[in-house]
Amino acid sequence: MYSFLETDTFNGIATLFTALVAIGLYYWEQNKKKRDTAKIIIQEIRRAEDIISEYKEQRQYKFTKKIIATNSWAKSIHYFVGDLAQDELDKISTLYSTGEYLDLII
């Protein structure tokens, strides 16, 4: 049994197994990063919608609140290019750019 552990066949199998585990971990980590990023972007969009709804109801804007506090979309759009339609990407990008523009003006 010990002699098998020293063969080239075992070394090849061990290397292949290690490579497969590393590739699997890489893709798992990428999917986890994409899910976490999507949750953050959804939270940012909901926050912007809440601020806009609050403005519409009260007809006054609280200058302490930014519509777009952080722009995770600009840093992470590449995760979603293959998953979202072009018009969906455009709508999200427009929301972020409009919110940042309004924050700048205010």
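Here goes a summary of the coordinates provided. All of these numbers come straight from a predicted model, not from anything done at the bench.

Quick notes on the rules
- Along each chain, the written sequence defines residue order, and numbers are assigned to residues from 1.
- Residues qualify for local features only when their pLDDT is at least 70, as the model is predicted, and side-chain atom pairs are given and counted only at 80 or more; totals for whole chains, interfaces and linings, by contrast, use all residues.
- Hydrogens and waters are ignored; side-chain quantities use all the structure's heavy atoms.
- Comment: elements are numbered from the N terminus, with helices defined as DSSP H or I runs of at least four residues and strands as E runs of at least two.
- Values of the radius of gyration come from C-alpha atoms, whereas the globule rule sets the reference at 2.2 Å times the count of residues to the power 0.38.
- Only protein chains enter the accessibility calculation, which uses a 1.4 Å probe; a residue whose area is less than 20% of its type maximum is buried, one above 50% is exposed, and one in between is partly exposed.
- Only four residue types enter the tally: Lys and Arg on the positive side, Asp and Glu on the negative side; His and the chain ends are excluded.
- When a carboxyl oxygen of Asp or Glu lies within 4 Å of a side-chain nitrogen of Lys or Arg, that pair is called a salt bridge.
- Identification of polar contacts relies on pairs of N or O atoms within 3.5 Å, with a donor-acceptor requirement for protein atoms, meaning one able to donate a hydrogen and the other able to accept it, and with residues adjacent in sequence counted only if both atoms are side-chain atoms.
- Patch rule: a residue counts if its relative accessible area is over 30% and it has no salt bridge; like charges are joined within 9 Å, and nonpolar side chains (Val, Leu, Ile, Met, Phe, Trp, Tyr) within 5 Å.
- In short, Shrake-Rupley with a 1.4 Å probe defines the accessible areas, and a residue's cover is counted only from the protein chains shown.
- Ring pairs shown here join Phe, Tyr and Trp side chains whose ring centres sit within 6.5 Å, with only the six-membered ring taken for Trp; geometry is labelled stacked below 30 degrees between planes, edge-to-face above 60, and tilted in between.
- We define the nonpolar core as a collection of buried residues of types Ala, Val, Leu, Ile, Met, Phe, Trp, Tyr and Cys that are connected through side-chain atoms lying within 4.5 Å of one another.

Let's shift gears to the overall build of the protein chain. Helix and strand content of the protein chain: 4 helices and 0 strands. When the helices and strands of the protein chain are placed in sequence order, the string is α-α-α-α. Its C-alpha radius of gyration of 24 Å places the protein chain more than 25% over the 13 Å reference for a compact globule of 106 residues. Seen through its principal axes, the protein chain has C-alpha atoms that stretch 80 × 30 × 20 Å.

A separate point is the side chain of D103. Mapped onto the fold, D103 is located in helix α4 (residues 86–105). With no salt bridge to any partner, buried D103 finds its closest opposite charge in K66, at an N-O distance of 5.0 Å. At a separation of 2.8 Å, a polar atom in the side chain of D103 contacts the main-chain amide nitrogen of I67.

Our focus in this paragraph is a nonpolar patch on the surface. A cluster of nonpolar residues, F17, V21, L25 and W28, forms a patch on the protein surface that exposes about 440 Å² of accessible area. If you trace the backbone, V21 turns up in helix α2 (residues 8–58). Taking relative accessible area as the criterion, V21 reaches 38% and is therefore assigned partly exposed.

Below, the discussion takes up the packing of aromatic side chains. According to the stated counting rule, one finds 4 aromatic pairs in the structure shown. With centroids separated by 5.4 Å and ring planes inclined at 75°, the aromatic side chains of Y26 and Y27 adopt a geometry described as edge-to-face. By relative accessible area, Y26 is classed as partly exposed at 48%. Take Y27: its relative accessible area is 52%, and that puts it in the exposed class. Considering the side-chain rings of W73 and F80, the 5.9 Å spacing of their centres and the 15° angle between planes classify their relative orientation as stacked. F80 matches W73 in its accessibility class, with the two residues each being buried. Ring pairs connect the aromatic residues W73, Y79, F80 and Y96, which therefore count as one cluster.

Okay, the nonpolar core next. By size, the foremost hydrophobic cluster in this structure holds 12 residues: I41, I45, A48, I51, I67, I68, W73, Y79, F80, L89, I92 and Y96. Contributions of two or more residues to this core are made by α2 and α4. Residue contributions to this core peak at 4 residues, all from α2.

A side chain with one charge can pair with a side chain of the opposite charge if their charged atoms come near. Counted under the stated rule, the structure contains 2 salt bridges. With a closest N to O distance of 3.3 Å, K32 and D36 form a salt bridge. Pair noted here: K32 and D36 are both in helix α2, with a separation of 4 residues, about one helical turn. For D36, a relative accessible area of 32% translates into the label partly exposed. Between K34 and D83 there is a salt bridge, and its shortest N-O distance comes to 2.0 Å. Pair noted here: K34 is in helix α2 and D83 is in the loop between α3 (72–76) and α4, with a separation of 49 residues, a long-range link.

Read these as geometric descriptors, not functional statements.
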